[in-house]
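# Summary of the model geometry
Next come the chains, spelled out residue by residue.
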There are 2 protein chains.
Amino acid sequence: MSDNKKAVVHVRLKDGVLDPQGVTIHKALLQMGYDDIQSVRTGRFFELEISEKASDIDRKIDEVCSKLLANPVIEKYSVEKLG
Amino acid sequence: MSDNKKAVVHVRLKDGVLDPQGVTIHKALLQMGYDDIQSVRTGRFFELEISEKASDIDRKIDEVCSKLLANPVIEKYSVEKLG
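Residues numbered from 1 in each chain as written. Chains lettered and ligands numbered in written order. Predicted model: local features only at pLDDT ≥ 70, side-chain atom pairs only at ≥ 80, totals over all residues. Heavy atoms only, no water.

## Let's talk about the packing of helix α2 (residues 57-69) of chain A against helix α1 (residues 20-31) of chain B
Two elements in contact, α2(A) and α1(B), have axes separated by 12 Å at closest approach and are oriented at 115°. In this structure, the crossing between α2(A) and α1(B) has a hand that is right-handed. Residues A:Val64, A:Leu68 and A:Leu69 of α2(A) form the contact with α1(B), whose own contacting residues are B:Ile25, B:Ala28 and B:Leu29. Taken together, the residues of the contact of α2(A) with α1(B) sort by class into 6 nonpolar, no polar and no charged. (Axes fitted to C-alpha atoms, helices over the stretch in contact; angles between N-to-C directions. Helix = DSSP H or I, 4+ residues; strand = E, 2+ residues; numbered from the N terminus. Left-handed = near helix turned anticlockwise from the far one by under 90°. Contact = heavy atoms within 4.5 Å. Nonpolar A, V, L, I, M, F, W, Y, C, P; charged D, E, K, R; others polar.)

Here you go:
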């Protein structure tokens, strides 16, 4: 096994931005009889495996998020580092 | 504010299942010069708001995951309950 570190990036729509995929899933759940579920919001996550020799990785992950993984106009992201 | 509970469902590809989206993101990162990142795996998550009066909710969430949110043939899911 490698000694690489991991980071998990969660990307979700900003509050107030309509989530059509979540709305569609919620409607499907109601049709299926699951009326205890009152809303659904969707998001994406990315598990990044990071070289143990990496330096300045917080800044790099932040750049990667805003340049590639998220659309900062409508989305927000959070980074969780593991191991 | 409501007293509703929340559950977060994470859906990811099973180990060994190729993740073309993750591979593509990883290639893009290498081209952008971020060679400290050694692999990328992608996934989706769903934030479910659950009525506080709901009963037997663990079973229901499990059903919802396997019927609608995940494809059990190639994906696995995990459920985290909040509040």
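## A closer look at the relation of the copies chain A and chain B
At an RMSD of 0.0 Å, chain A and chain B line up after a rotation of 180° and a shift of 0.0 Å along the axis. Considering both components of the superposition, the chain copies are consistent with a two-fold axis. Among all C-alpha atoms of chain A, that of A:Arg44 lies closest to the rotation axis, at 2.2 Å. A share of 100% of interface residues in chain A that are also interface residues in chain B marks the association as one of identical surfaces. (Least-squares fit on C-alpha atoms with pLDDT ≥ 70 in both.)

## Some details on unusual backbone geometry
Positive phi is not limited to glycine here, since A:Asp56 has a value of about 55°. As for its placement among the helices and strands, A:Asp56 is situated in the loop between β2 (37-50) and α2.

## Section: the sheet that holds strand β3 (residues 75-82) of chain A
Spatially, β3(A)-β1(A)-β2(A)-β2(B)-β1(B)-β3(B) is the arrangement adopted by the 6 strands of the open sheet, whose pairing is antiparallel. Whereas interior strands pair on both sides, the edge strands pair on one side only; in this sheet they are β3 of chain A together with β3 (75-82) of chain B. Averaged over all neighbouring strand pairs, the angle between strand axes comes to 25°, with direction disregarded. As defined by bridge partners, strand β1 (residues 5-13) of chain A adjoins β3(A) across 8 bridges and the pair is classed as antiparallel. Looking at β3(A), one finds that A:His10 is bridged to A:Ser78. (Pairing = 2+ DSSP bridges.)

## Brief notes about helix α1 (residues 20-31) of chain A
Between its first and last C-alpha atoms α1(A) spans 17 Å; for 12 residues at 1.5 Å apiece the expected length is 16 Å, and the two agree. Every buried residue of α1(A) is accounted for by A:Gly22, A:Ile25, A:His26 and A:Leu29. On an axial view of α1(A), the arc spanned by its buried residues comes to 100°, and they lie on one face. Exposed side of α1(A), more than 90 degrees from the buried face: A:Pro20, A:Thr24, A:Lys27 and A:Gln31 are the residues found there. In this structure, the buried side of α1(A) is in contact with β2 of chain A together with β2 (37-50) and α2 (57-69) of chain B. Trailing α1(A) by a residue or two, A:Gly33 shows a phi angle of about 95°, which is positive. (Expected span 1.5 Å × (residues − 1). Buried < 20%, exposed > 50% of the residue type's maximum accessible area, 1.4 Å probe, protein only. Arc of directions from axis to C-beta.)

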